[in-house]
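Residue-level structural notes
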Amino acid sequence: MKFEINGVKINTEIPVEIDKSKKFLILLHGFTGCAEDWLPVIEQMPDKYNYVAIDLIGHGKSDAPSNSSLYSVESMVKQIKFIKDKLTSEKVFFLGYSMGGRLALNFAINYPDDVKGLILESSTAGIKNDDERNKRYESDMKIVEYIESHSLEEFIEYWSDQELFNTQRRFSNDKLKKIKKKKAASSKIGYANSLRGFSTGIMPPVHDKLKKIPLKVLLITGDLDSKFTGINARLAKRFFKAKHKIVRNSGHNTHLEEPKRFVEIVTNYLGQL
C-alpha cells in the first residue's frame, strides 16, 4: 500500500489484512534497508497486532525525490505521522532499527500522545558534542560523494564492508548476495539525500528531550557491537523509563543476526503494555 504525502509516495508492506480491533506495530528500517527486511521478523511475531513496515523516503519502493529537504527529520516525522493517522487514531507501537530508530525516537518526542510503546534497536539520540557531530557530518558527506561517483553495487560493497557489519560475514555467500542485491535495488539519489537530510552528523541531538517521553522504552543492542551497546547503556539512564536488552552473539543488526532471540525480547515487551 502506498501513501502520497505532498506529492511523495511512501510505500508500506502490510503482510496481513488489517484488523481494526488490534493494536498497530509500525516498523522502520535502517539506512540502505527496506520494509521487506522486517517480513521474516513479522512472520515470527504473534498475530495479535497489525504489522506495518514502511519504506522510508529514498528507500525500497518509496519515491526518491531530488529535493534533499524532504529527507530532513521534520519532513520524515511528518510523513510517518500522516501514515499513522491514515491507519488509526489510536496509539501505536514503534520499532525502529538504527536510522529507523532515530526516526521513531524523534516521532515519539514530537507526538508522545500517539505512541504506546517504543523499541529502539542499535540506535542513538544524536551526537551531543559539536566537534564530533561536525566530523561525522564531514564523514557522511564523503560517503555521499562516493555514492554519486560510483555504481550502486560498488557503494553497497563499500557500505557492507564497514567494521560495524563485520559480524554478518559469518552468513553464507548466498545470503550475503541476496542482502546486497536487495540494497542495490534502491536509488543512489535516495541514499545520498538520506545522508544529506538525516545522517547522524546532521540530526539535532535530542538527549535533553528523552525524559519527556512518558512511557517505557525498550533498547536492544548486540553484545558484539560494543560501540552501540555502550551508547545505549548510557541512553537507558536518560529516559523517563527504559530497559536495555543485550542480544548475545550478535552485532549491529540483531533482528537479522539473532532473529529468534530478538522476537522473544520484543514480544515480551509488547505483552507488558
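Our subject in this report is the structure included herewith. (Residues numbered from 1 in each chain as written. Predicted model: local features only at pLDDT ≥ 70, side-chain atom pairs only at ≥ 80, totals over all residues. Heavy atoms only, no water.)

Along the backbone of the chain there are ten helices and eight strands. Its C-alpha atoms give the chain a radius of gyration of 17 Å, near enough to 19 Å, the size a compact globule of 273 residues would have. Its C-alpha atoms put the chain at 50 × 40 × 40 Å along the principal axes. By the burial criterion, 53% of the 273 residues in the chain qualify as buried. Intrachain contacts of the chain at a sequence separation of at least 6 include 77% that bridge at least 24 residues. For the chain, the computed accessible surface area is about 12900 Å², with 48% contributed by carbon and sulfur atoms. Across the chain, the centroid of the 44 positively charged side chains sits 5 Å from that of the 35 negatively charged ones. (Helix = DSSP H or I, 4+ residues; strand = E, 2+ residues; numbered from the N terminus. Rg over C-alpha atoms; globule rule 2.2 N^0.38 Å. Buried < 20%, exposed > 50% of the residue type's maximum accessible area, 1.4 Å probe, protein only. Contact = heavy atoms within 4.5 Å. Areas by Shrake-Rupley, 256 points an atom, 1.4 Å probe, with all protein chains shown as cover. Lys, Arg positive; Asp, Glu negative; His and termini not counted. Charge placed at Lys NZ, Arg CZ, Asp CG, Glu CD.)

Here we take up helix α6 (residues 173–183). The complete set of buried residues in α6 reads Leu176, Ile179 and Lys183. The buried residues of α6 all sit within an arc of 60 degrees when viewed along its axis, so they share a single face. Residues of α6 that are exposed and point more than 90 degrees away from the buried face comprise Asn173, Lys177, Lys178 and Lys181. Buried positions along α6 lie against α5 (152–160), α7 (188–198) and α9 (254–257). (Arc of directions from axis to C-beta.)

A word on the environment of Asp37. Mapped onto the elements of the fold, Asp37 is located in the loop between β3 (23–28) and α1 (39–44). Given the relative accessible area of 24%, Asp37 is considered partly exposed. Separated by 24 residues in sequence, Asp37 and Lys61 place their C-alpha atoms 12 Å apart. Setting aside anything within four residues of it in sequence, one finds Asp37 in contact with Lys182 and His255.

Turning to the packing of aromatic side chains, a few remarks are in order. All told, the structure shown has 13 aromatic pairs when counted by the stated rule. On the numbers, 4.9 Å between centres and 85 degrees between planes, the contact of Phe31 with Trp159 is edge-to-face. Placement of Phe31 in the loop between β3 and α1 and of Trp159 in helix α5 is noted, with a sequence separation of 128 residues between them. With respect to burial, Phe31 and Trp159 carry one shared label: buried. Plain terms: the ring middles of Tyr49 and Tyr51 are 6.2 Å apart, the flat faces sit at 70 degrees to each other, and that makes the pair edge-to-face. (Phe/Tyr/Trp six-rings, centres within 6.5 Å; stacked < 30°, edge-to-face > 60°.)

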